[in-house]
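# Structural description and commentary
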Amino acid sequence: RQVTPANHLMTTTETDIFDLLDQKRDDSSEMLDGMVEHFRRSRQPMELFEALKMRIRCRLGLPLVTSGDEPARPEEVERQLEVGLLDACREAGTMLIEEGRVGEGWMYLRPTGDTELARQLIGRVDITEDNYDEMIQVLLHEGIDVGRGFQAVIDHQGTCNSITLYEQALAQRSKADRKAAASRLLDHLYDELISLVRADIASRESPAGDEETLADMIEKRRWILEDGGYHLDTTHLSSTVRIATLLDEPDQLKKAWELTQYGRRLHHQFQYPGEEPFVDFYPAHATFFSILLGDHVDAGLRVFERKARTVDATAQGTAAIETYVDLLDRVGRPTEAVEAA
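In short, a report on the structure. From a predicted model like this one, the values you see are computed outputs, not experimental measurements. (Residues numbered from 1 in each chain as written. Predicted model: local features only at pLDDT ≥ 70, side-chain atom pairs only at ≥ 80, totals over all residues. Heavy atoms only, no water.)

## Let's talk about the packing of helix 9 (residues 175-204) against helix 11 (residues 234-243)
Between helix 9 and helix 11, the least distance of the axes is 9 Å, while the angle of their chain directions is 140 degrees. When the axes of helix 9 and helix 11 are compared, the pair comes out oblique. Seen along the crossing, helix 9 lies across helix 11 with a hand that is left-handed. When helix 9 is examined against helix 11, the residues Ala-182, Leu-185, Leu-186, Leu-189 and Leu-193 are found in contact with a partner set consisting of His-236, Leu-237, Thr-240 and Ile-243. The class makeup of the residues in the contact of helix 9 with helix 11 is seven nonpolar, two polar and no charged. (Axes fitted to C-alpha atoms, helices over the stretch in contact; angles between N-to-C directions. Helix = DSSP H or I, 4+ residues; strand = E, 2+ residues; numbered from the N terminus. Parallel < 35°, antiparallel > 145°, perpendicular 65-115°, else oblique. Left-handed = near helix turned anticlockwise from the far one by under 90°. Contact = heavy atoms within 4.5 Å. Nonpolar A, V, L, I, M, F, W, Y, C, P; charged D, E, K, R; others polar.)

## A word on the packing of helix 4 (residues 75-98) against helix 5 (residues 102-109)
The contact between helix 4 and helix 5 brings their axes to 7 Å, and the two run at 165 degrees. In terms of orientation, helix 4 and helix 5 fall into the roughly antiparallel class. For the crossing formed where helix 4 meets helix 5, the hand is left-handed. Seen from helix 4, the contacting residues are Cys-89, Arg-90, Ala-92, Gly-93, Thr-94, Leu-96 and Ile-97; seen from helix 5, they are Val-102, Glu-104, Gly-105, Trp-106, Tyr-108 and Leu-109. Taken together, the residues of the contact of helix 4 with helix 5 break down into eight nonpolar, three polar and two charged.

## As for the environment of His-156
With respect to the element layout, His-156 can be found in helix 8 (residues 146-170). For His-156, a relative accessible area of 34% translates into the label partly exposed. Put simply, His-156 and Tyr-132 are 24 residues apart on the chain and 8.9 Å apart in space, counted from C-alpha to C-alpha. Ignoring anything within four residues of it in the chain, the contact list for His-156 reads Ile-127, Glu-129 and Tyr-132. (Buried < 20%, exposed > 50% of the residue type's maximum accessible area, 1.4 Å probe, protein only.)

## Regarding the layout of surface pockets
One number sums up the size of the largest pocket: a volume of about 890 Å³. Lining the largest pocket are 30 residues, and of these Arg-242, Thr-245, Phe-278, Ala-319 and Thr-323 sit closest to its centre. Sort the elements by how many residues they give to the lining of the largest pocket and helix 16 (residues 319-330) lands first, with five residues. Split by residue class, the lining of the largest pocket holds 11 nonpolar, eight polar and 11 charged. (1 Å grid on protein atoms, 1.4 Å probe; cavity = no way out; pocket = protein on both sides within 12 Å on 5 of 7 lines; lining within 4 Å. Points joined across faces, edges and corners; volume = space filled by probe spheres on them.)

## Some points on the nonpolar core
Core analysis: the biggest nonpolar cluster contains 58 residues, and Phe-150, Leu-214, Leu-237, Leu-259 and Tyr-262 have the highest contact counts within it. If you tally residues by element for this core, the top one is helix 9, at 10 residues. Setting aside residues no more than four positions away along its own chain, Phe-150 makes contact with Leu-140, Ser-162, Leu-165, Tyr-166, Leu-170, Ala-181, Arg-184 and Leu-185. Core analysis: the next-biggest nonpolar cluster, separate from the first, contains 16 residues, Ile-17, Leu-21, Phe-49 and Ala-88 among them. (Core = buried A, V, L, I, M, F, W, Y, C linked by side-chain atoms within 4.5 Å.)

## Focus: unusual backbone geometry
In this structure, Pro-277 follows Glu-276 across a cis peptide bond, with omega equal to 5 degrees. Its location among the elements puts Pro-277 in the loop between helix 12 (250-263) and helix 13 (281-293). Of note, the phi angle at Arg-43 is positive, near 55 degrees, even though the residue is not glycine. Along the chain, Arg-43 turns up in the loop between helix 2 (28-41) and helix 3 (45-59). Since its relative accessible area comes to 36%, Arg-43 is described here as partly exposed. Phi angles above zero are rare outside glycine, and His-296 is one such case at about 50 degrees. Mapped onto the secondary structure, His-296 falls in the loop between helix 13 and helix 14 (297-310). The exposed category is assigned to His-296, whose relative accessible area is 68%.

So, in structure tokens, the structure goes:
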């Protein structure tokens, strides 16, 4: 074939490595070292993995290529083989992710269990239209960085699809995963709502002060939700408030409480009933968040204690009991929580 400057370099490199390997034909260990170094230098992760795999087998006196009927090996040999294979997975997976091949890289890193390494490596890869699907798969569904993955869904698909995804894919996941997504959803919806309310005020009177919170703005301007008005999808609002009950940070709890103050001023047709102990949806959630913020704690707890003792668990389920016990624990009363349970 015609040799251009670009493929001349590749041909020369390939020729050099084959010449080098030919010179080491009588020493399989040195030959494998040469292969490993070549694939590292030329950034060929999958070939590197195979070379590393053969090298560890060679060092342990095993056939270079695995077969389906290999005899049992001593425990120490098995241990060293496993360590060597995991190291090979880690190196190949790292190289793949550094090359932007996130899905393939995670396939190699997964057996190592090193999710923190995966999170750090993938954190350096931008989410684009081209890699969006595989990034969401690894970050969100594989649990490498649920917060970042869920934020990408919000940014690319919007609030409605994000809430649907949360309910379908995250509701049964660990509390840490649910919190990571819930905090992103809360921040997104709160920021969107406060921006819309500020714009509404500015269109009707002098702009609200920079220091005014959402709760301040709607308290000072009772007209803002008159005549059935609203600023964003009210089902998104109620879903976000419900999901935010997982959160613990004071700034997050304050945002969630402010959303309840907005919600309770909506027209009654947008006051969707909840399930016990949140049938009176926004007032009950406002009390819930107030307790966690340290406001009127005893009075608030009495509200949920009454629910826990009076709601028929056979007909309504145990959510009222669970909520009261959880609140006691979260406000630092574990002994009372155990006794109540």
